[in-house]
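Close look at the chain arrangement
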Amino acid sequence: MRSFFGATQILSKSSSFFLPTNPNLSFSKTPIFLRTFAIMATAADELVKGAVHPNGVAVITLDRPKALNAMNIDMDVKYKSYLDQWELDPNVKCVLVDSSSARAFCAGMDIKGVVAEIQKDKNTPLVPKVFTAEYSLICKISNYKKPYVSFMDGITMGFGIGLSGHGRYRIITERTLLAMPENGIGLFPDVGFSHIAAQSPGGGSVGAYLGITGKRISTPSDALFVGLGTHFVPSQNLGSVKEALLSTNFSQDPHEDIKTILAKFSSNPDSESQLKQFLPQITSSFGANKSVIETIEELKKYQSSSDATVVEWANEALQGLGKGAPFSLFLTQKYFSKVASALGKNDNQLSTLTGVMKTEYRIAVRSSLRNDFAEGVRAVLVDKDQNPKWNPSRLEEVNENEVEALFEPLSPNVEELSV
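Residues numbered from 1 in each chain as written. Predicted model: local features only at pLDDT ≥ 70, side-chain atom pairs only at ≥ 80, totals over all residues. Heavy atoms only, no water.

**Points about helix α18 (residues 371-382)**
Across the 12 residues of α18, 9 count as buried, placing the element largely inside the fold. D372, F373, A374, E375, G376, V377, A379, V380 and L381 are the residues of α18 that are buried. (Buried < 20%, exposed > 50% of the residue type's maximum accessible area, 1.4 Å probe, protein only. Helix = DSSP H or I, 4+ residues; strand = E, 2+ residues; numbered from the N terminus.)

**So, the sheet that holds strand β4 (residues 104-106)**
The parallel open sheet is built from 3 strands, whose spatial order is β4-β6-β8. Each of the sheet's edge strands pairs with one partner strand only, and the pair in question is β4 and β8 (177-179). Sheet twist, expressed as the average angle between the axes of neighbouring strands with direction ignored, equals 20 degrees. Sheet topology note: the strand β6 (residues 155-157)/β8 ladder contains 3 bridges and is parallel. Paired with I155 across the bridge in β8 is L177. (Pairing = 2+ DSSP bridges. Axes fitted to C-alpha atoms, helices over the stretch in contact; angles between N-to-C directions.)

**Details of the environment of V226**
With respect to the helices and strands, V226 occurs in helix α9 (residues 220-226). A residue is classified by how much of its surface remains accessible, and V226, at 4% relative accessible area, is buried. With 29 residues separating them along the chain, V226 and A197 place their C-alpha atoms 7.9 Å apart. Discounting chain neighbours no more than four positions away, the residues touching V226 are S200, P201, V206, L210, I217 and L275. (Contact = heavy atoms within 4.5 Å.)

**Things to note about the pattern of salt bridges**
Should the charged atoms of two oppositely charged side chains come close, the side chains can pair. One pass over the full model with this rule turns up 25 salt bridges. The shortest N-O distance in the salt bridge between K120 and E117 comes to 3.5 Å. Of this pair, K120 and E117 both sit in helix α4 (residues 112-120), 3 residues apart, which is roughly one turn of that helix. What makes E117 buried here is its relative accessible area of 6%. Several salt bridges share partner residues, and in doing so they unite K80, D84, E87, K140 and K145 into one network. (Salt bridge = Lys/Arg side-chain N within 4 Å of Asp/Glu carboxyl O.)

**Comments concerning the packing of helix α13 (residues 279-286) against helix α14 (residues 292-302)**
Closest axis-to-axis distance for the α13/α14 pair is 8 Å, and the angle between their directions is 145 degrees. Contacts between α13 and α14 involve P280, Q281, S284, S285 and F286 on the former and, on the latter, T295, E298, L299 and Y302. Looking at the contact of α13 with α14 residue by residue, the class counts come to 4 nonpolar, 4 polar and 1 charged. (Nonpolar A, V, L, I, M, F, W, Y, C, P; charged D, E, K, R; others polar.)

**Looking at the pairing of strand β3 (residues 94-99)**
Among the 6 residues in β3, 6 count as buried, and that is most of the element. Burial along β3 is two-sided: the face carrying C94, L96 and D98 and the face carrying V95, V97 and S99 are both buried. Sheet analysis places strand β2 (residues 57-62) next to β3, joined by 6 bridges and oriented parallel. Looking across to β3, one finds that V57 is bridged to C94. Handedness of the crossover is the feature at issue here: the chain leaves β2, passes through helix α3 (residues 73-87), returns alongside β3, and the resulting connection is right-handed. (Right-handed = clockwise from strand over helix to strand, strands pointing away.)

**Quick notes on the packing of aromatic side chains**
Counted according to the given criterion, the structure contains 11 aromatic pairs. Judged by centre distance (5.1 Å) and plane angle (15 degrees), the ring pair of Y82 and W86 falls under stacked. Remark: W86 and Y82 occur in helix α3; sequence separation between them is 4 residues, near one turn of the helix. The class of Y82 is buried, set by a relative accessible area of 11%. Aromatic pair F193 and F336: ring centres 6.1 Å apart, planes at 50 degrees, arrangement tilted. Of the two residues, F193 sits in helix α7 (residues 193-198) while F336 sits in helix α16 (residues 326-342), which places them 143 residues apart along the sequence. Across this residue pair, the class does not change: F193 and F336 are buried. The structure contains a cluster of three or more aromatic residues connected by ring pairs, namely F188, F193, Y335, F336 and F407. (Phe/Tyr/Trp six-rings, centres within 6.5 Å; stacked < 30°, edge-to-face > 60°.)

**A few points about the packing of α3 against helix α5 (residues 126-142)**
Their axes nearest at 9 Å, the elements α3 and α5 cross at an angle of 30 degrees. Judged on the interaxial angle alone, α5 and α3 are roughly parallel. You can see that α3 and α5 cross each other, and the crossing is left-handed. Touching I73, D76, Y79, K80, L83, D84 and E87 of α3 are K129, V130, A133, E134, S136, L137, K140 and I141, all from α5. Residue composition of the contact of α3 with α5, by class: 7 nonpolar, 1 polar and 7 charged. (Parallel < 35°, antiparallel > 145°, perpendicular 65-115°, else oblique. Left-handed = near helix turned anticlockwise from the far one by under 90°.)

**With respect to empty space enclosed by the protein**
Enumeration over the complete set of coordinates arrives at 4 cavities of 30 Å³ or more. There is about 110 Å³ of room inside the largest cavity. Lining of the largest cavity is provided by 18 residues; of these, A208, F286, A288, F336 and S337 occupy positions nearest its centre. Mapped onto the lining of the largest cavity, the elements with two or more residues apiece are α7, α8 (205-213) and α16. (1 Å grid on protein atoms, 1.4 Å probe; cavity = no way out; pocket = protein on both sides within 12 Å on 5 of 7 lines; lining within 4 Å. Points joined across faces, edges and corners; volume = space filled by probe spheres on them.)

Printed below as a string of structure tokens:
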């Protein structure tokens, strides 16, 4: 089992907070958001490819393999433009999203350039532009009126989960690698993951465990157990699934046609879910009523267990918590608890993904301007010394009022998310 440090090594190259940059581009003088629109607009057509096949299957292929398909704002806009167009086209029966690379579906969102712009100007319009593009796309996917199929083959982290985890058909393989490690750079697990987490086993505790610790999921059984995947298809069969979709003569009910195809090629994973094995410990440690400090105390008790596998699990969970910024950990626990408690309560805005994303937008716009975010990116992705200087440096020093303030309506001069 690889450690969270191993995940950080992967992420420092290209995950949900990463900007695999072009060395020929400079971040000086011209604001990044102007360069992005000027330089990348045409490139987005090459990086997010869309095509409608004769039988009505519309395919989006992410084609930025060197960057593990990390998404920039222009790619977000292009992606959503395809979905908007195809949703109104009667000839389109369903949407399939895949990658040109077996290594990654999508490792997340470009982020280092965002931090560079924030450091120059905390009022940069890039921040709301980026989160608006991301979150409106997520809402589009969640509410899409036609079948939406994702091939989550390879690295699928951060915004990669945002592009797939809210769709109807989520195909995972033995190569799928899932994680939400944003606490490790002083941000928080966003892209609506709190909504997915709230529906996870243990009353949402499994999802909270993944979000707070940044734990990676590397087995199909765990991906299915937590609800991130709906079907397991061995990677060698993905081509056959795609061929079957492209050759299908769709009926009046495309959903039934897709279910038939997936039933033919999907199977049960060989191994049992480790998350299921540790469900009692996860529930007692990461329940919605547990503060982060209480979670740590509970995990330390499990370090004294007579079961060596439980001790190993507790050690790994504590190691994951140790990577996160104290403020981010406090925020994530508070936020995930609010969303889990709202599940099923129609009078609570946080009971729907749209409501979650509107709240998340407020949190993201504000928390991205905190120094922890810039410091985390510096330590993990720029200098790579893996030694961030968080502020505050200890959980006991986190001001709860400062955390709660992130949830409040934005100031009049900043627009709320409109979806």
